[in-house]
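Reading the structure
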Amino acid sequence: MNLAIQSLKQGPPKISYMSELSLSDRVISSEPSSTVRIADKAKLLREAGHEVYDFSAGRAFEHTPSYVVDAALQAMSAGDTHQTMAQGTTKYRKACANKLLRENGIEANPETEIVATMGCKQGLTISLLTLLNPGDEVIIEDPCFVSYKQTIQYLGGVSVSVPLFAKNNFRWESEQLEEVITEKTRAIIMCTPHNPTGVVHSREDLEEVAEVAIKHNLTVITDEPYERMTWGGRKHVNLATLPGMAERTITLMSLTKSFSMGGWRIGFAYASSNKIEQMTKLQQHLITCVNSFVQAGAIVAFGQPPRDEVLDFWQQWEKKVVHFTNSLDQIAGLKCYVPEGGFYGWVDISELNVSSGKFCDQLLEDESVALVPGASFGRHGENFVRVTCVKSWDEINEGLKRISEFVQRF
Ligand code: GLU
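Note that residues are indexed from 1 along each chain, following the sequence as it is written. Local features in this predicted model are restricted to residues whose pLDDT is 70 or higher, and side-chain atom pairs enter the listing and the counts only when it is 80 or higher, whereas totals over whole chains, interfaces and linings include all residues. As a rule here, side-chain values cover all heavy atoms of the structure and leave hydrogens and water aside.

With that settled, the discussion passes to helix α10 (residues 273-286). Over its 14 residues, α10 extends 20 Å from the first C-alpha to the last, a length consistent with the 20 Å expected when each residue adds 1.5 Å. Taken residue by residue, α10 has Lys275, Ile276, Met279, Thr280, Leu282 and Gln283 as its buried positions. Down the axis of α10, the buried set is contained in an arc of 160 degrees. They therefore lie on one face. In α10, the exposed positions angled more than 90 degrees off the buried face are occupied by Glu277 and His285. Helix numbers and strand numbers start at the N terminus; a helix is a DSSP run of H or I with at least 4 residues, a strand a run of E with at least 2. Thr288 sits one or two residues past α10 and shows a positive phi near 70 degrees. One less than the number of residues in a helix, times 1.5 Å, gives the span that helix is expected to have. Only protein chains enter the accessibility calculation, which uses a 1.4 Å probe. A residue is then buried if its area is under 20% of the maximum for its type, exposed if over 50%, and partly exposed in between. This arc is taken over the directions from the axis of the helix to the C-beta atoms.

Listed below in structure tokens is the structure:
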């Protein structure tokens, strides 16, 4: 077997030496991020001259729109290279508030209700740090984004998974939530549009969660990096806009996906002022501030309606998502519906009688195609694999051909 591909399958090397005794149990016992690990290894393989069709991490083919890059470059040239306020610049927070009002119908006070974050992931960390005491429980979806469980563990919390079933269209029922709530439950994490299933939660879905959160005095963290990517004319609904929920929701948004700005690491959290005050204190200690010129670029992305080149991205992405998922569904042995939002295909491989890990390992080895095993997203992801659909048309067509040939051999 190709040694480079073998290393991609194995995960990080196991280092064993005396100093391990002084390492943190919380960290040692955690799993690596399969999305980031697979994408990193795919990059290494490509750098070493190997051919890899990488549909693993959620990274689009397009580069950041040039008008956003120009705004950051201008800021840097003009000397905007120093630390900003820990909460983010006044202009950046105003741009975020403008976006929330313009697109989400949310009236946020930029002085007290918004903090700049390094993407939604870092927003999640400071949200959980703000909410959790050691031993507190956080309800998460299964399947869900690979970093929720580990981040909760790093912070001394306990994650409690509630399964999402295909027969319920991957939506929670409030009874399922009620069943797992204890006196230690502090928060719920939700993602909409959902990674990895592609569900866009309707107002009714969110009302069920809101009712439970209000009844049990819980905070809900809504992870919304895909909120501008809803397909088939669907509309994103913000949990924070439901009655009684503004006070008990932390809304996380970013430009990572929608503006192809993953490398910039930029986003924000919107929450009540008492939470933002604590989250700002955390930013002071943990990162000082989000990069100054990155905020300057993001101001034009959040502060103005998206320009034509961004609208073009989104149109292209819907076409790619529909084409990729419909084509996968036509391969005998696979089932895949068109996601309601986001850019992942969530492919049911149960007819093939193979584990998701084995399927992905073998596909990589035989066809040089990288996907993410569904089991990485939770126990209930096991019969699925995740495909990022927003690559170049050439990659999509070649990837489809290779996946089809591979599945035919089962
Ligand atoms: N969030 C993306 C994914 O699910 C990117 C990977 C990551 O940052 O964890 O693939």
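Pairing between strands is defined by DSSP: at least two bridges between the two strands are required. Strand order in the open sheet formed by 3 strands is β9-β12-β11, with antiparallel pairing between adjacent strands. Strands at the two margins of the open sheet, each flanked by one partner only, are β9 (344-348) and β11 (372-373). Relative to strand β12 (residues 384-388), β9 runs antiparallel, the two sharing 5 bridges. The partner of Trp346 across the bridge, within β12, is Arg386.

This part covers the site of the ligand. Throughout, near means a residue has at least one heavy atom within 4 Å of the molecule or strand. Taken together, Thr35, Val36, Ala57, Gly58, Lys121, Phe145, Asn195, Tyr226, Lys257, Tyr344 and Arg386 make up the full set of residues adjacent to the ligand. In the model, a nitrogen atom of the ligand is placed 3.1 Å from a nitrogen or oxygen of the Lys257 side chain. The accessible surface values rely on the Shrake-Rupley method and a 1.4 Å probe; as for residues, cover is taken only from the protein chains in view. In the complex, 88% of the free accessible area of the ligand, which totals 290 Å², lies under the protein chains. Basically, the charged four are Asp, Glu, Lys and Arg, the nonpolar ten are Ala, Val, Leu, Ile, Met, Phe, Trp, Tyr, Cys and Pro, and anything else, Gly included, counts as polar. Across the shell around the ligand, the residue classes break down as 5 nonpolar, 3 polar and 3 charged. We call two N or O atoms a polar contact when they sit within 3.5 Å, provided that within protein one can donate a hydrogen and the other can accept it, with sequence-adjacent residues counted only if both atoms are side-chain atoms.

Turning next to helix α14 (residues 393-408). In this model, α14 (16 residues) spans 22 Å end to end at C-alpha, consistent with the 22 Å of a helix rising 1.5 Å per residue. Along α14, the positions that sit buried rather than exposed are Glu395, Ile396, Gly399, Leu400, Arg402, Ile403, Ser404, Phe406 and Val407. Close packing links the buried residues of α14 with α3 (34-47), β1 (53-54), α12 (308-329), α13 (356-367) and β10 (369-370). Working rule for contacts: check all heavy atoms of both residues, and any pair within 4.5 Å makes them a contact.

Each patch is built from salt-bridge-free residues with over 30% relative accessible area, joining like charges within 9 Å and nonpolar side chains (Val, Leu, Ile, Met, Phe, Trp, Tyr) within 5 Å. A pair is scored as a salt bridge if a Lys or Arg side-chain nitrogen falls within 4 Å of a carboxyl oxygen belonging to Asp or Glu. We treat Lys and Arg as the positive residues and Asp and Glu as the negative residues; His and chain ends play no part in the count. To locate a charge, take atom NZ for lysine, CZ for arginine, CG for aspartate or CD for glutamate. A surface patch of negative charge is lined by Glu173, Glu175, Glu179, Glu204, Glu207, Glu208 and Glu211. The set of elements that each furnish at least two residues to the negative patch consists of α8 (174-180) and α9 (203-215). Take Glu207: it is sitting in helix α9.

Once that is clear, we can look at the sheet that holds strand β4 (residues 158-163). Strand order in this open sheet of 7 strands is β2-β8-β7-β6-β5-β3-β4, and the pairing throughout is mixed. Strands with a single pairing partner mark the edges of an open sheet, and in this sheet they are β2 (114-117) and β4. On average, each strand axis in the sheet is inclined to that of its neighbour by 25 degrees, with strand direction left out of account. As paired strands, β2 and strand β8 (residues 267-270) are joined by 4 bridges and run antiparallel to one another. Residue pairing in the sheet places Ile114 in a bridge with Tyr270 of β8. Axis geometry follows a simple rule: fit a line to the C-alpha atoms, using only the stretch in contact for helices, then measure angles between N-to-C directions, giving values from 0 to 180 degrees.

At a minimum axis distance of 10 Å, the contact between helix α6 (residues 119-131) and helix α7 (residues 147-154) shows a crossing angle of 40 degrees. Comparing the axis directions of α6 and α7 gives the class oblique. Crossing hand, α6 versus α7: right-handed. Contacts from Lys121, Leu124, Thr125 and Leu128 of α6 reach α7 at Ser147, Tyr148, Thr151 and Ile152. Partitioned by chemical class, the residues of the contact of α6 with α7 number 4 nonpolar, 3 polar and 1 charged. Note on angle classes: values under 35 degrees are labelled roughly parallel, values over 145 roughly antiparallel, values of 65 to 115 roughly perpendicular, and the remainder oblique. Two helices crossing with the near one rotated counterclockwise from the far one by less than a right angle form a left-handed crossing, whereas a clockwise rotation gives a right-handed crossing.

Side-chain rings of Phe, Tyr and Trp, where Trp is taken by its six-membered ring, are said to pair if the distance between their centres is within 6.5 Å; with planes under 30 degrees apart they count as stacked, over 60 as edge-to-face, and otherwise as tilted. If you walk through the whole model with that rule in mind, you get 17 aromatic pairs. Geometrically, the ring pair formed by Phe268 and Phe302 is edge-to-face, given 5.1 Å between the ring centres and 80 degrees between the ring planes. Here Phe302 lies in helix α11 (residues 292-303) and Phe268 lies in strand β8, a separation of 34 residues in the sequence. Per residue, the accessibility class of Phe268 equals that of Phe302, and both read buried. Each ring, one from Trp346 and one from Phe377, has its centre 5.7 Å from the other, and the planes form 90 degrees; the classification is edge-to-face. Here Trp346 is found in strand β9, whereas its partner Phe377 is found in the loop between β11 and β12, with 31 residues between them in sequence. Accessibility assignment for this pair places Trp346 and Phe377 in one class, buried.

Function cannot be read off these values alone, since they describe shape.
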